[in-house]
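Topology and contacts: notes
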Amino acid sequence: MSNQESFEQLNDLNNMRYDVLREIGNIGAGNATTALSQLINSRVDMTVPKVDLLNFQELADVVGSAEDIVVGILFNLSGDIQGMMMFMMEYTAAHHLVNCLTGKEKENMEAFTEFDLSALKEIGNIISGAYLSALSTLINLNIKESIPYMSVDMAGAVLSVPAIAFGELGDKALLIQSEFNQTDKSVSGFFILIPTEESYGKIMSSLGVQVI
Amino acid sequence: MADLKICCSPDAITTLGLGSCVGIVLYDPIEKIAGLAHVMLPDSTQIVCNENIAKFADTAIDRLLQIMIENGASKNRMIAKIAGGAQMFAFSSENPMLCIGKRNVEASKNKLEELGIRIVAEDTGDSYGRTIEFYPETGELLIKAVGKEKKII
């Protein structure tokens, strides 16, 4: 059976693999949420992670509309696991987070300064690092992350980058999506883990799940 | 993403949030038929899983042209407008996978040249996403981007 078919076995929603992927999202995002909570010194909750195998046409709808403005922070993964990791927030949520950190008024919606953007990048770096180190410990494989790359633009445009990476392999994108919320819902965001098919197989087998 | 459609006046056709992908409009100004393809990758011959023809610049343009001719458009009158192909993240490395926007634009241009279809306007490259709308009635391509004035090419 080809790799593509093993990837697409995920179409079966009752599959145990979903639970494994969901648990990965849970552990990674749990760690990242704790890091964020300490960073902004406030309580942060997370939702149960969602795992989806999506067509490209559906991908941008993950966040709402393809035209919604988001802040995306992207990392290339190398080492034993290859692929991409993206941390994405809606524009207003990113503002709240920056305001929280820099001590500005919460409702301040002025355009981001260089300093704000740099701070956001670093937040992305810290919490994605927490996510990946938890994942790395869990599967006992080495994951190296690149420096953070950031883009503030339409969701469809930002998501086109990981979508294209998937496009080289097949016609669907595997999304492990974890969402977190500050208690009053003003800071929320998504983690999207995008392993290559080969790495997906490695993650599965390291957790004792057979990929045919 | 990875899709293609045609439309006739007075309707308009749009694709939202083009990033590194390229939007290719083919247009027959006499019949007022337009086609739009949203391609993700430059070359179907370099990829193993290449059944989805709307995903690649080379195969998507071929198919779009074919569908338009079936619907009464003439290849001789056909002109093209292209947009997109941005580099969304400022990657520092030279990894060709990361400069995909540029490669998509080049591949689209090469394919159109090969078919003898003239590109009358383009808005490509740079580092921002675009939403595009094409109006077959007037032949105008409207481009919207975050924090920028609307532009018609």
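Above: the structure in question.
This is a predicted model, so every value here is computed, not measured. Residue indices begin from 1 for each chain and proceed along its sequence in written order. Chain letters and ligand numbers both follow the written order, the letters beginning at A and the numbers at 1. Local features are withheld for residues below a pLDDT of 70 in this predicted model, meaning they are given only at 70 or higher, and side-chain atom pairs are given and counted only at 80 or more; totals for whole chains, interfaces and linings count all residues. For the side-chain quantities, the full set of heavy atoms in the structure was used; hydrogens and water were omitted.

A word on the overall build of chain A
Note the threshold: Secondary structure elements follow DSSP: runs of H or I no shorter than four residues count as helices, runs of E no shorter than two count as strands, and numbering proceeds from the N terminus. Type-normalised accessible area, obtained with a 1.4 Å probe on protein chains alone, sets the label of each residue: buried when under 20%, exposed when over 50%, and partly exposed for intermediate values. Residue contacts are counted whenever heavy atoms from the two residues lie within 4.5 Å of one another. Accessibility throughout is a Shrake-Rupley quantity obtained with a 1.4 Å probe, and a residue counts as covered only by protein chains that appear here.
A count of helices and strands for chain A gives seven helices and eight strands. Here chain A holds 212 residues, and the buried ones make up 56% of them. In chain A, of all internal contacts separated by at least 6 residues, the share reaching a separation of at least 24 is 72%. Counting only carbon and sulfur atoms, one obtains 49% of the accessible surface of chain A, whose full area is about 8700 Å².

Here's the deal with a nonpolar patch on the surface
Heads up, the condition is: A patch consists of residues exposed above 30% relative accessible area that lack any salt bridge, with like charges linked at up to 9 Å and nonpolar side chains (Val, Leu, Ile, Met, Phe, Trp, Tyr) linked at up to 5 Å. Any Lys or Arg side-chain nitrogen located within 4 Å of an Asp or Glu carboxyl oxygen qualifies as a salt bridge.
On the surface, a nonpolar cluster with roughly 200 Å² of combined accessible area is contributed by A:Leu39, A:Leu101 and A:Ile126. With respect to the element layout, A:Leu39 can be found in helix α2 (residues 16–40).

Quick look at the interface of chain A and chain B
Using the following cut-off: Two parts placed together each lose some accessible area under a 1.4 Å probe, and adding up what both lose gives the buried area.
Counting residues at the interface gives 27 residues for chain A, matched by 32 residues for chain B. A combined buried area of about 2400 Å² lies between chain A and chain B, and 68% of that area is made up of carbon and sulfur atoms. When the buried area of chain A at its contact with chain B is split by residue, A:Tyr149, A:Ile164 and A:Glu168 rank highest and sum to 25% of it. Where chain A meets chain B, there are zero salt bridges.

Notes on the packing of aromatic side chains
The condition that has to hold: Note on aromatic pairs: the rings of Phe, Tyr and Trp (six-membered ring only in Trp) are paired at centre separations within 6.5 Å, and the planes decide the class, stacked below 30 degrees, edge-to-face beyond 60, tilted for the rest. In our convention, an over-ring charge means Lys NZ or Arg CZ found within 6 Å of a ring centre and within 35 degrees of that ring's normal.
Summed over all chains, the structure comprises four aromatic pairs over all chains. When the ring of B:Tyr27 is compared with that of B:Phe134, the centres are 5.0 Å apart and the planes differ by 70 degrees; the resulting orientation is edge-to-face. With a gap of 107 residues between them, B:Tyr27 in strand β3 (residues 22–28) and B:Phe134 in strand β7 (residues 130–135) connect regions that are remote in the sequence. The exposure classification of B:Tyr27 matches that of B:Phe134, with both residues buried. An aromatic cluster is defined as three or more aromatic residues linked by ring pairs; in this entry it consists of A:Phe87, A:Tyr131 and A:Phe191. Directly above the aromatic system of B:Tyr128 lies the positively charged group of B:Arg130, at a separation of 4.5 Å from the ring centroid. The ring of B:Tyr128 carries the charged tip of B:Lys148 above its face, separated from the ring centre by 4.1 Å.

Here's the deal with the nonpolar core
Here is the rule we go by: Take the buried Ala, Val, Leu, Ile, Met, Phe, Trp, Tyr and Cys residues and link them wherever side-chain atoms come within 4.5 Å; each set so joined is a nonpolar core.
Ranked by size, the top nonpolar core spans 96 residues in total, and within it A:Tyr131, A:Phe191, A:Leu193, B:Met40 and B:Phe89 carry the most contacts. Here this core takes nine residues from α2(A), the largest share from any one element. In contact with B:Phe89, not counting residues within four places along its chain, are A:Gly72, A:Leu74, A:Met86, A:Tyr149, A:Met150, A:Ser151, A:Val158 and A:Val161. Counting residues in hydrophobic clusters, the runner-up holds 23 residues, among them B:Val22, B:Val39, B:Leu65 and B:Leu112.

Topic: the state of the cysteines
All names here are of chain B. Test applied: A pair of sulfur atoms, both from cysteines and within 2.5 Å, is called a disulfide here.
Applying the stated rule across the entire model yields zero disulfides over all chains. Sulfur of Cys 7: no disulfide; nearest cysteine sulfur belongs to Cys 8 and is 6.5 Å away. Owing to a relative accessible area of 9%, Cys 7 belongs among the buried residues under this scheme. No disulfide involves Cys 99; its sulfur sits 15 Å from the nearest other cysteine sulfur, which is in Cys 21. The exposure class of Cys 99 is partly exposed, given its relative accessible area of 24%.

Topic: the packing of α2(A) against helix α7 (residues 197–206) of chain A
Residue and element names in this part refer to chain A. The condition is simple: The angle between two axes is taken between their N-to-C directions and runs from 0 to 180 degrees, where each axis is a line fitted to C-alpha atoms and a helix contributes only its stretch in contact. For this classification, under 35 degrees means roughly parallel, over 145 means roughly antiparallel, 65 to 115 means roughly perpendicular, and everything else is oblique. Amino acid classes used here: Ala, Val, Leu, Ile, Met, Phe, Trp, Tyr, Cys and Pro are nonpolar; Asp, Glu, Lys and Arg are charged; the rest, including Gly, are polar.
The geometry of α2 relative to α7 is characterised by a closest axis approach of 11 Å and an angle of 95 degrees between their N-to-C directions. It follows from the interaxial angle that α2 and α7 lie roughly perpendicular. From α2, Arg 17, Val 20, Leu 21 and Ile 24 reach across to α7, where they touch Tyr 200, Ile 203 and Met 204. Residue composition of the contact of α2 with α7, by class: six nonpolar, no polar and one charged.

Quick notes on the pairing of strand β7 (residues 172–182) of chain A
Residues and elements named next belong to chain A. Our working rule: For two strands to be treated as a pair, DSSP must find no fewer than two bridges joining them.
Among the 11 residues that make up β7, 10 are buried, leaving the element largely enclosed by the rest of the structure. As paired strands, strand β2 (residues 50–55) and β7 are joined by six bridges and run antiparallel to one another. Bridge pairing in β7 places Asp 52 opposite Leu 175. Pairing analysis gives six bridges linking β7 to strand β8 (residues 188–195), with the strands arranged antiparallel. When the bridges of β8 are listed, Gln 177 appears paired with Ile 192.

Some words on the sheet that holds β3(B)
Residues and elements named next belong to chain B. Taken in spatial order, the five strands make up an open sheet running β1-β4-β3-β5-β6, and their pairing is mixed. Because the sheet does not close on itself, it has two edges, and the strands there are β1 (3–8) and β6 (118–124). Within this sheet the neighbouring strands show an average axis-to-axis angle of 15 degrees, counted without direction. By the bridge criterion, six bridges tie strand β5 (residues 79–84) to β6 in an arrangement that is parallel. Within the sheet, the bridge partner assigned to Ala 83 lies in β6 and is Asp 123.

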